Amino acid sequence: VRVGIGLYRSMLNENGFRFAAQVGATDLVVHLTDYMRGATADRTPFSRWGYAANDRDLWSVDDLQRLVKAATDSGLRIAAIENLDPGFWSDVLLGGPARNRQLDGLKRLIRDVGRVGISAIGYYFALAGPWGMTPSRGARGGAESLGFDAKAIPAGGLPSSEVWNMVVDPTKTGYRRPIDRDELWERLDVFLQACVPVAEEAGVRLAAHPDDPPVPELRSNPRLLYRPEHFDDLLDLYPSTANALEFCQGTITEMLPGVDHVYQAIEKHAQRGSIAYVHFRNVRGAVPQYQEEFVDSGDVDPVRALRTYYDCGYRGVLIPDHAPAVDCGAPWEAGMAHAVGFLRGAIATLTSDDH
Ligand SMILES: [Mn+2]
């Protein structure tokens, strides 16, 4: 099992790589989407992000190659690209007129990602992406982390200008027509039927992130992956190693009260080989109300979870995903260093016999 770290676009530089290597991460999961591009200063976190890129501006093979080289020079491996820019596939999500052109673009991107040796693309098939969480000082010791309270989220639909909470067309006014869940499943099916065979050939796994927050509906639109069994529905749409999961243990914890479903899901998907990579984070509570916690502080026993991945044959990458911010000069870095250190220590005890 390898421990990696997720780096945002602004961190994809020598400083970011050095930080990752020094805390002991061997792998990177990179965000190439600039979520905050052009965002207004008064935006509240997770309510509205910035402007999406144009679908004719896909990440180029040269850019990808440069990134892989820079990471390799720092002794790191890029395990995955996380999230597609909403502008690249807005009409794939919406079933709009540019869908086929955008699918062709995604196929080209998948081939290029395979060509530079990156073996997974994490994606999140949703109209409203991550939305409705609020930062508060609810984690251990009063540390700031994201929380969710279904009662506290504002009502209202998804603005027609937005997809995945980023602006794709600023000229549009009003709200998107709500659709039913079957229609969204069909759109996911179109995406998978078009892209999984290409991914298979390119040696890239398409890794689906569950809906975070895992609720049946958000911003008046349905969501697809908000219960553990929905992973099976997704995998059944196109059985292939290239149709895989971005296994967000935190989101899975949030899906249902208790923790049994978390260990069960780890066991099932680790055995089945359907996990492309893991978001290993901890949470207190579940929908309708939860708070993200330090990796060693939430409802899930992290050592039992790690042992389950390991014993069930998972040998891929785990990243902390989010971590509470630690009050100090570098809150994000301290939170990540704590999570990576904890994971490496716990894994060392599991694997010391045979490694
Ligand atoms: Mn996640």
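Reading guide: rules and limits
Residues numbered from 1 in each chain as written. Predicted model: local features only at pLDDT ≥ 70, side-chain atom pairs only at ≥ 80, totals over all residues. Heavy atoms only, no water. Salt bridge = Lys/Arg side-chain N within 4 Å of Asp/Glu carboxyl O. Helix = DSSP H or I, 4+ residues; strand = E, 2+ residues; numbered from the N terminus. Buried < 20%, exposed > 50% of the residue type's maximum accessible area, 1.4 Å probe, protein only. Donors = N, O, S within 2.8 Å, 3.2 Å for Na, K, Ca; no water. Contact = heavy atoms within 4.5 Å. Polar contact = N/O pair within 3.5 Å; in protein donor to acceptor, adjacent residues only side chain to side chain. Phe/Tyr/Trp six-rings, centres within 6.5 Å; stacked < 30°, edge-to-face > 60°. Lys NZ or Arg CZ within 6 Å of the ring centre and 35° of its normal. Core = buried A, V, L, I, M, F, W, Y, C linked by side-chain atoms within 4.5 Å. Pairing = 2+ DSSP bridges. Axes fitted to C-alpha atoms, helices over the stretch in contact; angles between N-to-C directions. Parallel < 35°, antiparallel > 145°, perpendicular 65-115°, else oblique. Left-handed = near helix turned anticlockwise from the far one by under 90°. Nonpolar A, V, L, I, M, F, W, Y, C, P; charged D, E, K, R; others polar.

(A) Representation of the pattern of salt bridges within the structure. Tallied over the full model, the rule gives 24 salt bridges. Note that Asp63 and Arg66 form a salt bridge whose closest N and O atoms lie 2.7 Å from each other. Within this pair, Asp63 and its partner Arg66 are both found in helix H2 (residues 61–73), separated by three residues, close to a single helical turn. Residue Asp63 is classed as partly exposed on the basis of its relative accessible area of 41%. Judged by relative accessible area, Arg66 falls into the exposed class, the value being 55%. Note that Arg281 is salt-bridged to Asp212, the shortest N-O span being 3.3 Å. Separated by 69 residues along the polypeptide, Arg281 in the loop between strand E13 (275–279) and strand E14 (282–286) and Asp212 in the loop between strand E9 (205–208) and strand E10 (217–218) bring together distant segments of the chain. Looking at Arg281, the relative accessible area reads 2%, which means it is buried. The exposure class assigned to Asp212 is buried, which follows from its relative accessible area of 4%.

(B) Structural detail: the coordination of the manganese ion. Bound to the manganese ion on the protein side are His209 (NE2), Cys248 (SG), His279 (ND1) and Asp321 (OD), at distances that span 2.2 to 2.5 Å. Mapping the donors of the manganese ion onto the primary sequence yields the spacing H-x38-C-x30-H-x41-D. Remark: Asp321 occurs in the loop between strand E16 (317–319) and helix H10 (331–351) and Cys248 occurs in strand E12 (residues 243–248); sequence separation between them is 73 residues. A single burial state applies to Cys248 and to Asp321, both of which are buried.

(C) Region of the structure containing helix H3 (residues 86–94). Judged by how many residues are buried, H3 sits mostly within the fold: nine of nine residues are covered. Those residues of H3 not exposed but buried are Pro86, Gly87, Phe88, Trp89, Ser90, Asp91, Val92, Leu93 and Leu94. Summarising the contacts, the buried residues of H3 are in contact with helix H4 (99–115), strand E4 (120–123), strand E7 (162–163), strand E8 (166–167) and helix H5 (181–202). Sitting at the amino-terminal end of H3 is Asp85, which places a side-chain oxygen 2.9 Å from the backbone nitrogen of Gly87.

(D) Looking closely at the packing of aromatic side chains. What the rule picks out here adds up to 17 aromatic pairs. Relative to Trp332, the ring of Phe19 lies with its centre 6.0 Å away and its plane at 45°, an arrangement referred to as tilted. Here Trp332 lies in helix H10 and Phe19 lies in helix H1 (residues 14–23), a separation of 313 residues in the sequence. When its relative accessible area of 18% is taken as the criterion, Phe19 is described as buried. For the ring pair Trp89 and Tyr123, a centre distance of 6.1 Å and an interplane angle of 85° mean the geometry is edge-to-face. Pair noted here: Trp89 is in helix H3 and Tyr123 is in strand E4, with a separation of 34 residues, a long-range link. Per residue, the accessibility class of Trp89 equals that of Tyr123, and both read buried. If you follow Arg315 out to its NZ or CZ, it ends over the ring of Tyr310, 3.8 Å from the centre.

(E) Local environment of the environment of Ala52. Tracing the chain through its elements places Ala52 in the loop between strand E2 (27–30) and H2. Accessibility expressed as a relative area gives 9% for Ala52, which makes it buried. Spatially, the C-alpha atoms of Ala52 and Arg2 are 32 Å apart, while their sequence positions differ by 50 residues. Sequence-distant contacts of Ala52, that is, excluding residues within four places in its chain, are made with Arg37, Asp85, Pro86, Gly87, Met166, Val167 and Val168.

(F) Geometry of the nonpolar core. Ile5, Tyr123, Phe125, Phe191, Leu234 and Phe247 are the most contacted members of the largest nonpolar core, which has 117 residues in total. A total of ten residues in this core trace back to one element, the largest contributor, which is H5. Setting aside its immediate chain neighbours within four residues, Ile5 contacts Phe19, Ala20, Val23, Ala25, Asp27, Leu28, Val29, Ile319, Pro320, Met336 and Val340.

(G) Quick peek at the pairing of E14. Bridge analysis of E14 against strand E15 (residues 289–293) gives five bridges, and the strand direction is antiparallel. Counterpart to Ala286 in the pairing with E15 is Gln289. Here E14 folds back onto E15, and the loop between the two strands holds two residues.

(H) How the structure looks around the packing of H4 against H5. Running from N to C, H4 and H5 cross one another at 30°; their axes reach a closest spacing of 9 Å. By the angle between their axes, H4 is roughly parallel relative to H5. Two packed elements cross with a definite hand, and for H4 against H5 that hand is right-handed. Between H4, through Arg99, Leu103, Leu106, Lys107, Ile110, Arg111 and Gly114, and H5, the contact on the second element is made entirely by Arg187, Val190, Phe191, Ala194, Cys195, Val198, Ala199 and Ala202. The class makeup of the residues in the contact of H4 with H5 is ten nonpolar, one polar and four charged.

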